[in-house]
Amino acid sequence: MSEREFLAYCQSQVSGDLTEEDLVTMLTAWGSIKYSQGHAQAMEEIRDGQSATDQS
């Protein structure tokens with residue numbers, strides 16, 4: 001999901017116009033989601049690298 005898709009999804013969840021506070025909240029949530037995904041991917045890569053080292 002892209003940032004634009006996420007914002008479109010969020011906008012569909014509220015009625016009326018989005019306020020600046022709404023946008024800040026949504027972008028903060030998006031940043032948290034992407035950080036978590038990046039962290040999980042990094043941990044997986046570390047585990048995969050250790051597994052390859054352990055098998056040698």
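Rules behind the numbers
- Residues numbered from 1 in each chain as written.
- Predicted model: local features only at pLDDT ≥ 70, side-chain atom pairs only at ≥ 80, totals over all residues.
- Heavy atoms only, no water.
- Helix = DSSP H or I, 4+ residues; strand = E, 2+ residues; numbered from the N terminus.
- Buried < 20%, exposed > 50% of the residue type's maximum accessible area, 1.4 Å probe, protein only.
- Areas by Shrake-Rupley, 256 points an atom, 1.4 Å probe, with all protein chains shown as cover.
- Phe/Tyr/Trp six-rings, centres within 6.5 Å; stacked < 30°, edge-to-face > 60°.

A. Just the overall build of the chain, in detail. If you tally the helices and strands in the chain, you get two helices and zero strands. For the chain, buried positions account for 7% of its 56 residues. Looking at the chain as shown, the accessible area adds up to about 4700 Å², and 52% of this sits on carbon and sulfur atoms.

B. Quick peek at the packing of aromatic side chains. Per the stated rule, a full pass over the model turns up one aromatic pair. Relative to W30, the ring of F6 lies with its centre 5.2 Å away and its plane at 35°, an arrangement referred to as tilted. One end of the pair, F6, is in helix α1 (residues 3–13); the other, W30, is in helix α2 (residues 20–55), with 24 residues separating them in the sequence. Note on accessibility: F6 and W30 belong to one class, buried.

C. Up close: the environment of W30. W30 sits in the buried class, given a relative accessible area of 12%. Residues W30 and S2 lie 28 residues apart in sequence; the distance between their C-alpha atoms is 9.5 Å.

D. View of the environment of Q11. Examined against the element boundaries, Q11 turns out to sit in helix α1. Classification of Q11 by relative accessible area gives partly exposed; the value is 44%. It is 9.2 Å that separates the C-alpha atoms of Q11 and L23, two residues lying twelve residues apart in sequence.

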